[in-house]
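# Results of the structural survey
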Amino acid sequence: MTEPEIVEAKKVIDGMSQYEMASLWRFAPSGHPYFDSTNGDLAKYFSDKFKERGGFTPEISKSLDWNR
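What this report covers is the structure whose coordinates are included nearby. None of the values given here were measured: they were computed from a predicted structure.

This part is about the pattern of salt bridges. All told, the structure shown has three salt bridges when counted by the stated rule. Across the pair Asp-41 and Lys-10 runs a salt bridge whose closest N-O atoms are separated by 3.1 Å. You can see Asp-41 sitting in the loop between α2 (18–27) and α3 (42–52) and its partner Lys-10 sitting in helix α1 (residues 3–14), a full 31 residues away along the chain. We classify Asp-41 as partly exposed; its relative accessible area is 41%. Two residues, Lys-49 and Glu-52, come together in a salt bridge whose shortest N-O distance is 3.8 Å.

Procedures and definitions
- The numbering scheme is per chain: residues are counted from 1 as the chain's sequence reads.
- Only residues with pLDDT of at least 70 are given local features in this predicted model, and only at 80 or more are side-chain atom pairs given and counted; all residues enter the totals for whole chains, interfaces and linings.
- Side-chain numbers here rest on the full set of heavy atoms in the structure, without hydrogens or water.
- By definition here, a salt bridge exists when the distance from a side-chain nitrogen of Lys or Arg to a carboxyl oxygen of Asp or Glu is within 4 Å.
- To qualify as a helix, a DSSP run of H or I must reach at least 4 residues; to qualify as a strand, a run of E must reach at least 2; elements of each kind are numbered from the N terminus.
- A 1.4 Å probe rolled over the protein chains alone gives each residue an accessible area, and that area as a share of the maximum for its type sets the label: buried under 20%, exposed over 50%, partly exposed in between.

What follows is the structure, encoded as structure tokens:
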């Protein structure tokens, strides 16, 4: 990703809810740019923001189940 794309991705991440982040964490396809360590600090940024919002809770995990 280019630097402007990373900046835009961070804005999208900032606008995501805890539930949306948990869903993406669980169901994102392999190689998703938010979890790809070759994209600078984007994976760490996502992880840090998700933890700030409370990460996975039992309620969110049960709500998401394993079926998409």
